[in-house]
Amino acid sequence: MQYDNIAGSAPLTVPAVGCYGLTKTYGAAPALSELSVELPAGKIIGLLGPNGSGKTTLIKILAGLLRPTAGDVRIYGKTPSEETKAEVSYLPERMYFDPGMKVEECVVLFRDFYRDFDETRARSMLSVLGVPTDRKLKTLSKGTREKVQLVLVMARRAKLYLLDEPIGGVDPAARDFILSTIVAAHNPGATVLVSTHLIRDVEPVLDGFVFLSGGRAVMSGEAEKVRNESGKSLDELFREVFRCF
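Residue numbers here run from 1 along each chain, matching the order of that chain's written sequence. With pLDDT at 70 or above as the cut-off, local features in this predicted model cover only qualifying residues; side-chain atom pairs require 80 or more to be listed or tallied, and sums for whole chains, interfaces and linings still use all residues. Working from all heavy atoms in the structure, the side-chain values ignore hydrogens and water.

### Thoughts on the sheet that holds strand E8 (residues 208-213)
Here the rule is simple: two strands pair whenever DSSP picks up at least two bridges between them. Here a strand is any run of E in DSSP of at least two residues, a helix any run of H or I of at least four, and the numbering for each starts at the N terminus. Pairing is mixed across the open sheet formed by 6 strands, whose spatial order is E5-E6-E7-E3-E8-E9. The sheet terminates laterally at strand E5 (88-91) and strand E9 (216-222), the two strands that pair on one side only. Here the strands of the sheet are splayed against their neighbours by 15° on average, with no regard to which way each runs. Alignment of strand E3 (residues 44-48) against E8, held across 4 bridges, turns out to be parallel. Across the sheet, residue Leu 48 finds its bridge partner in E8, namely Phe 211. Helix axes are fitted only over the stretch in contact, all axes being lines through C-alpha atoms; the angle between N-to-C directions runs from 0 to 180 degrees.

This is the structure:
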């Protein structure tokens, strides 16, 4: 089964993300291969696939950190640039703060660097979590460090959130918090693209999905519509589709 239009009927607005024959190669090996897909604005969309399927490469291209080898990519109709970087909030797979920094210093860094950063919102979420802002990151548990970085990323008033494996390295309780934060804390009307291979955990929050394999979209669609039509969960479909690869 193939579901190409995540938005359902023809979108009334410019897609949040448009990939058209997008290709990225490292030497002779393609990380993305003629990827073509459009993602609608205002939705939470899962970028789902096994390790090595091209998820991180796509997210880095959208974040403006990599340039495609061929093809075209658009963010709200615009080529990735300094302008689009200001509208994108990116959570990498690995912690990028200096572990010697205090949480307070991380908050101040985001406040000074991003004009759309909502400091009040960030401090409120950190307080609810009981995160001590006077502690250095290296003195906190891995799960708490992950929460700090997620809070800062989600406290921006961005148009597109790119979250690369946000639940991959934390315990189940932390996963619940992260997913609820993604749903509740992102800027209303914005698009959230969540990259993960943990389909069962992330499925409840998804509006749409893209299955990636070998740098290509092998299935995409609206999550609820696909579940109703197939009688299967996304997790079940994922296992079925990737048995063939």
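Still more to cover.
### Description of helix H3 (residues 103-113)
Think of it in three bands: with a 1.4 Å probe and only protein chains considered, a residue is buried below 20% of the maximum accessible area for its type, exposed above 50%, and partly exposed in between. Within H3, burial applies to Val 103, Cys 106, Val 107 and Phe 110. Projection of H3 onto a plane perpendicular to its axis shows the buried side chains occupying an angular sector of 100°, all on one side. Exposed residues on H3 whose side chains face more than 90 degrees from its buried face are Asp 112 and Phe 113. Residues of H3 that are buried sit in contact with helix H4 (119-128) and helix H5 (142-154). Taken from the helix axis, the directions to the C-beta atoms give the arc we talk about. We call two residues in contact whenever any of their non-hydrogen atoms come within 4.5 Å of each other.

### A closer look at helix H6 (residues 172-185)
For H6, spanning 14 residues, the distance from its first C-alpha to its last is 19 Å, which sits close to the expected 20 Å at 1.5 Å a residue. Among the residues making up H6, those that are buried are Ala 174, Arg 175, Phe 177, Ile 178, Leu 179, Thr 181, Ile 182 and Ala 185. Of the surrounding secondary structure, the elements contacted by the buried residues of H6 are E3, H4, H5, strand E6 (160-164), strand E7 (191-196) and helix H7 (199-202). By this rule, a helix spans an expected 1.5 Å times one less than how many residues it contains.

### Observations regarding the pairing of strand E2 (residues 29-39)
Alignment of strand E1 (residues 17-26) against E2, held across 7 bridges, turns out to be antiparallel. Bridge pairing in E2 places Val 17 opposite Leu 39. Hairpin connection of E1 to E2: 2 residues between the antiparallel strands, including Gly 27 at a positive phi of 70°.

### Focus on the packing of aromatic side chains
A ring pair, where both rings are aromatic, is described by two values, the distance of the centres and the angle of the planes. What counts as a ring pair is set by centres within 6.5 Å for rings of Phe, Tyr and Trp (its six-membered ring), and what kind of pair is set by the plane angle: stacked under 30 degrees, edge-to-face over 60, tilted for all other angles. Per the counting criterion, the structure on display carries 7 aromatic pairs. Geometrically, the ring pair formed by Phe 110 and Phe 117 is edge-to-face, given 5.6 Å between the ring centres and 65° between the ring planes. When its relative accessible area of 4% is taken as the criterion, Phe 110 is described as buried. Members of the aromatic cluster, joined through ring pairs, are Tyr 96, Phe 97, Phe 110, Phe 113, Tyr 114 and Phe 117. Criterion for a charge above a ring: Arg CZ or Lys NZ at most 6 Å from the ring centre, at most 35 degrees from the ring normal. Over the aromatic face of Tyr 76 sits the side chain of Lys 159, whose NZ or CZ is 4.2 Å from the ring centroid.

### Here we look at the environment of Asp 116
Residue placement: Asp 116 occurs in the loop between H3 and H4. For Asp 116, a relative accessible area of 16% translates into the label buried. Measuring from C-alpha to C-alpha, the distance between Asp 116 and Ala 158 comes to 7.0 Å, with 42 residues separating the pair along the chain. When neighbours within four sequence positions are excluded, Asp 116 is seen to be in contact with Ala 86, Ala 155, Arg 156, Arg 157 and Ala 158.

### Some details on the sheet that holds E2
What the 3 strands build is an open sheet, ordered E2-E1-E4; its pairing is antiparallel. The sheet is open, and its two borders are formed by E2 and strand E4 (70-75), each paired with just one other strand. With strand direction ignored, the average angle separating the axes of adjacent strands in the sheet is 20°. The strands touched by helix H1 (residues 55-62) are E1, E2 and E4; relative to E1, the strand with the most contacts, the crossing angle is about 115°.

### What to know about the nonpolar core
Core analysis: the largest hydrophobic core is formed by 53 residues, its most contacted members being Leu 48, Val 148, Leu 152, Leu 163, Val 202, Phe 211 and Leu 234. Here Leu 163 is in contact with Ile 59, Leu 91, Val 153, Met 154, Ile 182, Val 192, Leu 193, Val 194 and Ser 195, once residues within four sequence places are set aside. Nonpolar cores were defined as sets of buried Ala, Val, Leu, Ile, Met, Phe, Trp, Tyr and Cys residues, with membership established by side-chain atoms within 4.5 Å.

### A look at the environment of Gly 130
Residue position: Gly 130 is located in the loop between H4 and H5. Judged by relative accessible area, which is 55%, Gly 130 ranks as exposed. Through-space distance from the C-alpha of Gly 130 to that of Thr 144 is 9.6 Å; in sequence the pair is 14 residues apart.

### Considerations on unusual backbone geometry
Phi is positive for Tyr 76, which is not a glycine, with a value near 50°. Within the secondary structure, Tyr 76 is located in the loop between E4 and helix H2 (82-85). With relative accessibility at 15%, the residue Tyr 76 sits in the buried group. Located in the positive-phi region is Glu 165, a residue other than glycine, with phi close to 50°. For Glu 165, the position within the fold is in the loop between E6 and H6.

Scope: geometric values only; no functional claims are made or implied.
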